[in-house]
Amino acid sequence: MSQTPPSITAETLDRFCSNCGYNLRGITSTTCPECGLSIGAADVFVIPWENRKTFGRFSTFVRTAALATFRPKRFATAIGAPIDDRSARRFRLIVVLLAALPIVISLCGVMIAKHGAEFLLDFDADFLRPALDPKSGRTWQLTFVFFAGATMPPVLPIGVIITFCLGLSAPGLWFRAGGIDEQRQMRLIAISRYACAPWAWLIVPTAAFVAALWIANVVAGGYGEMDSRLLYSSGATMLFVLISAWWTNIRMLARTTRCGVFYMLAAGISLPVTWAVSAAIGLGLFPCVVGLVWIIIDSLRR
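Residues numbered from 1 in each chain as written. Predicted model: local features only at pLDDT ≥ 70, side-chain atom pairs only at ≥ 80, totals over all residues. Heavy atoms only, no water.

(A) Region of interest: the overall build of the protein chain. When helices and strands are counted, the protein chain shows 11 helices and 0 strands. N-terminal to C-terminal, the α/β element order of the protein chain is α-α-α-α-α-α-α-α-α-α-α. Summing over all exposed atoms, the protein chain offers an accessible surface of approximately 17,000 Å²; the carbon and sulfur share of this is 66%. (Helix = DSSP H or I, 4+ residues; strand = E, 2+ residues; numbered from the N terminus. Areas by Shrake-Rupley, 256 points an atom, 1.4 Å probe, with all protein chains shown as cover.)

Have a look at this one:
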């Protein structure tokens, strides 16, 4: 007979001092016996995902994602406890899959329905016509190379995954602070992987957006009032995810590294730039590289 997993409470988890990492489980004192820091129930935190084998993967993942998204300052106190880097990597991988999966499935569905990815050439004829005009010089060459790769069915889905992999891992570079011991540096790198948690909620607006498009084009035969509201709400939720992801990284960075104002300002400015560059690499550069390689291979065959 299977047993019901115990509930996740402060009493059932190890508790660590946010300053020195001393295990406070079972200690009723108001100060840490190791370093003397004044502590309370809210001053220590253990990442729920670290206890997924005991409390279940689904519940600990949702709890971890929610805490990192809505209480990043509280989540950052986990820096005082041992953090399993392998678990952190696995958490980030799941977030990448959750964020990218609806988009990948949608692209694959459209490609199956359209019998390929050539539908990309029909999006906006007025825009594509000058770009594909040989008289435009290098613009034509670049556009030709891009579509040579993008119209190959596997390229764009893979590009979406590359975009999220790069975008969710690059902010971790700001967590590599100097002048600290190696053990704390390893904990900083591990906790930076949890800062991508808000992206896990992207599956909700993306799925709603895809559903709205499907309802509009298949069921209703056009964009109705209900469909427009669903599209606008999905866009607003996507914007919330972007802002939350930015805020979570900034709050965790400030709490765990205790960096200066200029460092925080540079990190805050670089995050949106990093995400834009990741999208440019995954959805722009990658199709161009594939297209160029394919053109070279095809020319050699002739």
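Now that the structure has been shown, we can carry on.
(B) The packing of helix α4 (residues 85-114) against helix α7 (residues 155-169), seen in detail. Relative orientation of the contacting elements α4 and α7 amounts to 160°, with a least axis distance of 9 Å. Between α4 and α7, the angle is such that the two are roughly antiparallel. The handedness of the crossing between α4 and α7 comes out as right-handed. Residue-level contacts link Arg92, Val95, Val96, Ala99, Ala100, Ile103, Val104, Leu107, Cys108 and Met111 of α4 to Leu156, Pro157, Val160, Ile161, Phe164, Cys165, Leu168 and Ser169 of α7. (Axes fitted to C-alpha atoms, helices over the stretch in contact; angles between N-to-C directions. Parallel < 35°, antiparallel > 145°, perpendicular 65-115°, else oblique. Left-handed = near helix turned anticlockwise from the far one by under 90°. Contact = heavy atoms within 4.5 Å.)

(C) A look at the environment of isoleucine 162. With respect to the helices, strands and loops of the structure, isoleucine 162 is situated in helix α7. As a C-alpha pair, isoleucine 162 and glycine 282 span 120 residues in sequence and 5.2 Å in three-dimensional space. Beyond its immediate sequence surroundings of up to four residues, isoleucine 162 is in contact with Gly282 and Phe286.

(D) Main features of the nonpolar core. In terms of nonpolar packing, the biggest core is built from 49 residues, with Phe75, Phe91, Val95, Phe164, Tyr194 and Trp199 touching the most fellow members. When contributions to this core are tallied by element, the ones reaching two or more residues are α2 (57-70), α4, α6 (138-150), α7, α8 (182-194), α10 (225-257) and α11 (261-301). Considering each element in turn, this core owes the most residues, 9 residues, to α4. (Core = buried A, V, L, I, M, F, W, Y, C linked by side-chain atoms within 4.5 Å. Buried < 20%, exposed > 50% of the residue type's maximum accessible area, 1.4 Å probe, protein only.)

(E) Quick look at α4. With 30 residues, α4 ought to run about 44 Å at 1.5 Å a step, and its terminal C-alpha atoms sit 43 Å apart, in line with that. Along its length, α4 reaches its greatest deviation from straightness, about 40°, at alanine 100, and the proline proline 102 lies no more than four positions downstream. Those residues of α4 not exposed but buried are Ser87, Ala88, Phe91, Arg92, Val95, Val96, Ala99, Ala100, Pro102, Val104, Leu107 and Met111. Once α4 finishes, histidine 115 follows within two positions and takes phi at roughly 60°, a positive value. (Expected span 1.5 Å × (residues − 1). Bend = angle between axes of the 7 residues up to and from the residue.)

(F) Looking closely at the pattern of salt bridges. Enumeration over the complete set of coordinates arrives at 2 salt bridges. A salt bridge links arginine 89 to aspartate 85; its shortest N-O distance comes to 2.9 Å. Of this pair, arginine 89 and aspartate 85 both sit in helix α4, separated by 4 residues, roughly a single helical turn. Ionic pairing is found between aspartate 85 and arginine 193, a salt bridge with its closest N-O pair at 2.9 Å. Here aspartate 85 is found in helix α4, whereas its partner arginine 193 is found in helix α8, with 108 residues between them in sequence. Looking at arginine 193, the relative accessible area reads 8%, which means it is buried. Each of Asp85, Arg89 and Arg193 takes part in a single network of salt bridges with overlapping partners. (Salt bridge = Lys/Arg side-chain N within 4 Å of Asp/Glu carboxyl O.)

(G) Structural context of the packing of aromatic side chains. Under the defined criterion, the tally for this structure stands at 11 aromatic pairs. Considering the side-chain rings of phenylalanine 61 and phenylalanine 91, the 4.9 Å spacing of their centres and the 40° angle between planes classify their relative orientation as tilted. Of the two residues, phenylalanine 61 is situated in helix α2 and phenylalanine 91 in helix α4; the sequence distance between them amounts to 30 residues. The residues phenylalanine 61 and phenylalanine 91 share a single accessibility class, namely buried. Connected via pairs of aromatic rings, a cluster forms that spans Trp49, Phe61, Phe75, Phe91 and Tyr194. (Phe/Tyr/Trp six-rings, centres within 6.5 Å; stacked < 30°, edge-to-face > 60°.)

(H) Representation of a positive patch on the surface within the structure. On the surface, a cluster of positive charge is made up of Lys53, Arg57, Arg86 and Arg90. In this structure, arginine 86 sits in helix α4. (Patch = residues over 30% accessible without salt bridge, like charges linked within 9 Å, V, L, I, M, F, W, Y side chains within 5 Å. Lys, Arg positive; Asp, Glu negative; His and termini not counted. Charge placed at Lys NZ, Arg CZ, Asp CG, Glu CD.)

(I) Spotlight on the packing of α4 against α8. Between α4 and α8, the shortest axis-to-axis distance is 8 Å and the interhelical angle comes to 20°. Classified by the interaxial angle, the pair formed by α4 and α8 is roughly parallel. α4 and α8 meet at a crossing whose hand is left-handed. Note on element contacts: α8 touches α4 through Ala190, Arg193 and Tyr194, opposite Asp85, Ser87, Ala88, Arg89, Phe91 and Arg92. When grouped by side-chain class, the residues that make up the contact of α4 with α8 number 4 nonpolar, 1 polar and 4 charged. (Nonpolar A, V, L, I, M, F, W, Y, C, P; charged D, E, K, R; others polar.)

(J) Summary view of the side chain of threonine 69. By the element assignment, threonine 69 lies in helix α2. You can call threonine 69 buried: its relative accessible area is 6%. Within the local environment of threonine 69, its side chain forms a polar contact with the side chain of tryptophan 201, the two groups lying 3.0 Å apart. (Polar contact = N/O pair within 3.5 Å; in protein donor to acceptor, adjacent residues only side chain to side chain.)

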